[in-house]
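# Results of the structural survey
One-letter residues, chain by chain:
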Amino acid sequence: MKITILDDYFDTIRTLDCFSKLDSHEVTIWNDHVQETGALVDRLEETEILVLIRERTQVRKELLDKLPNLKFISQRSVYPHIDVESCTANGVLLSSDLHMDMPSHSTAELTWGLILCAMRDIPGQMESLRAGNWQKGVGHSLGFKTLGLYGYGRISKAVVEYAKAFRMHILIWARPDSRKQANIDGLETAKTKEEFFERCDVISLHMRLKEATREIVTGKDLALMKPTSLIVNTSRSGLIEDGALVKALKSGRPGMAAVDVYENEPAVSHPLFEMPNVICTPHVGYVTKDEYEIQFTDIFNQIEAFLKGTPINVINPDVLEMGT
């Protein structure tokens, strides 16, 4: 089969152990990113199986309608970037393991790394040394401060364990059933959203972006935060009201931010990049070789199952009925 893998920026996939699962196929890997439909059609016109790396490329109707050879898309996690209805209309089966029982430990680890970097201003201290100076200023410890987790799912639960090791108090805000589970797990939940934003020294967002959560954090919420506080977003940019974070940081509440996700990616410029009280990383929450090995084992297993006629993790099963 002719298999194409898009957006493998550092040509990592062919170095994975699981890549051997594709040994008997004709595999093309693209290391750059394009989104223009014509360019994608040129790359994919002979492709029978398409492998996507998370949400890096949008796969919409105008593209799918021009790929008559495409039979199967294999990826992992959520799929807001894929027009599932158009996949079905074009007879393209989509498989995506939602890994409901497995958190992204790499994202949880990055979250904690960003918290430490921001609270101790590690990038600023490094810049000071490189400029020929000594210490830049005085940072903030984490012990006995309050970490607020907005959302209580798999990644939040992993972050909770790190926070306990650093002797932090943990406060949860989430939808009612998640707050109930947090209480069962022995964690404190805020009585109101306002209390949550007022009390926390660090707030980290851990929710999927969907209609109900889009812009769930408003400028009014951010204005309640302490001048010394930090907000961290390794989830999705759209969780925060458009433009509100930049405005809030300029006004001094919160005092700091650490961000791994942006409205449009890849992002080569952004107002946050120019702010001295913000640490920015280029959406690397899931970008470790170890995490790739986990993810692409799942993705390639889906390809094997499809070729055996027993597809797994199917998102649009109507395609299977079309073939009968």
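In short, a report on the structure.

How each quantity is defined
Residues numbered from 1 in each chain as written. Predicted model: local features only at pLDDT ≥ 70, side-chain atom pairs only at ≥ 80, totals over all residues. Heavy atoms only, no water. Phe/Tyr/Trp six-rings, centres within 6.5 Å; stacked < 30°, edge-to-face > 60°. Helix = DSSP H or I, 4+ residues; strand = E, 2+ residues; numbered from the N terminus. Patch = residues over 30% accessible without salt bridge, like charges linked within 9 Å, V, L, I, M, F, W, Y side chains within 5 Å. Areas by Shrake-Rupley, 256 points an atom, 1.4 Å probe, with all protein chains shown as cover. Salt bridge = Lys/Arg side-chain N within 4 Å of Asp/Glu carboxyl O. Lys, Arg positive; Asp, Glu negative; His and termini not counted. Charge placed at Lys NZ, Arg CZ, Asp CG, Glu CD. Buried < 20%, exposed > 50% of the residue type's maximum accessible area, 1.4 Å probe, protein only. Pairing = 2+ DSSP bridges. Axes fitted to C-alpha atoms, helices over the stretch in contact; angles between N-to-C directions. Contact = heavy atoms within 4.5 Å. Expected span 1.5 Å × (residues − 1). Right-handed = clockwise from strand over helix to strand, strands pointing away.

### Details of the packing of aromatic side chains
Taken as a whole, this structure holds 11 aromatic pairs when the rule is applied. Measuring from ring centre to ring centre gives 4.2 Å for F72 and F306, while their planes differ by 5°; the resulting arrangement is stacked. Taken together, the residues span a long stretch of sequence, with F72 in strand β4 (residues 72-76) and F306 in helix α11 (residues 289-307) at a distance of 234 residues.

### Things to note about a negative patch on the surface
Together, E215, E241, D242, E263 and E265 make up a region of like negative charge exposed at the surface. Along the chain, the position of D242 falls in the loop between β10 (230-233) and α10 (244-251). Under the relative-accessibility criterion, D242 is labelled exposed at 58%.

### Brief notes about the sheet that holds β4
Remark on secondary structure: sheet strands pair via backbone hydrogen bonds, oriented parallel or antiparallel. Pairing is parallel in the open sheet, where five strands are placed in the order β2-β1-β3-β4-β5. In this open sheet, the two strands that pair with only one neighbour each are β2 (26-29) and β5 (93-97). Averaged over all pairs of adjacent strands, the angle between strand axes in this sheet comes to 20°, irrespective of strand direction. Inspection of the sheet shows strand β3 (residues 49-51) paired to β4 by three bridges, in the parallel sense. Across the sheet, residue L50 finds its bridge partner in β4, namely I73. Seen against the sheet, α11 touches β1 (2-5), β3, β4 and β5 and runs at an angle of roughly 155° to β4.

### Remarks on helix α6 (residues 154-165)
Residues separated by three or four positions in an α-helix point in the same direction, a consequence of the helix having 3.6 residues per turn. Of all the residues in α6, the buried ones are S156, A158, V159, V160 and A163. Against α4 (105-119), β6 (146-150) and β7 (169-173) lie the buried residues of α6.

### What about the pattern of salt bridges?
All chains considered together, the criterion is met by 15 salt bridges. With a closest N to O distance of 3.6 Å, E304 and K21 form a salt bridge. Taken together, the residues span a long stretch of sequence, with E304 in helix α11 and K21 in the loop between β1 and β2 at a distance of 283 residues. The shortest N-O distance in the salt bridge between D65 and K61 comes to 2.6 Å. Accessibility expressed as a relative area gives 45% for K61, which makes it partly exposed. Linked through salt bridges whose partners overlap, the residues forming this network are E188, E195 and R199.

### Observations regarding α11
A rise of 1.5 Å per residue sets the reference length of α11, with its 19 residues, at 27 Å; its end C-alpha atoms lie 26 Å apart and thus fit the reference within 8%. Restricting attention to buried positions, one finds in α11 the residues E291, Y292, Q295, F296, D298, I299, F300, Q302, I303, A305 and F306. In the core, the buried residues of α11 are packed alongside β1, β3, β4, β5 and α4. G309, located one to two residues past α11, shows a positive phi value of around 85°.

### A short note on the sheet that holds β6
Strands sit in the order β8-β7-β6-β9-β10-β11-β12 across an open sheet of seven strands; the sheet is parallel. One side of each edge strand has no neighbouring strand; the edge strands of this open sheet are β8 (188-189) and β12 (278-280). Where strand β9 (residues 202-205) and β10 come together, four bridges link them in parallel fashion. Counted as the bridge partner of L205 is N233 from β10.

### Examining the pairing of β7
For β7, a buried count of four out of five residues is recorded, marking the element as mostly surrounded by other parts of the structure. Pairing between β6 and β7: five bridges, direction parallel. The partner of Y150 across the bridge, within β7, is W173. Two strands pair when backbone bridges link them, and β7 and β8 are joined in this way by two bridges, in the parallel orientation. Bridge pairing in β8 places L171 opposite E188. Handedness of the crossover is the feature at issue here: the chain leaves β7, passes through helix α7 (residues 176-184), returns alongside β8, and the resulting connection is right-handed.

Purely geometric stuff here, so don't read any function into it on its own.
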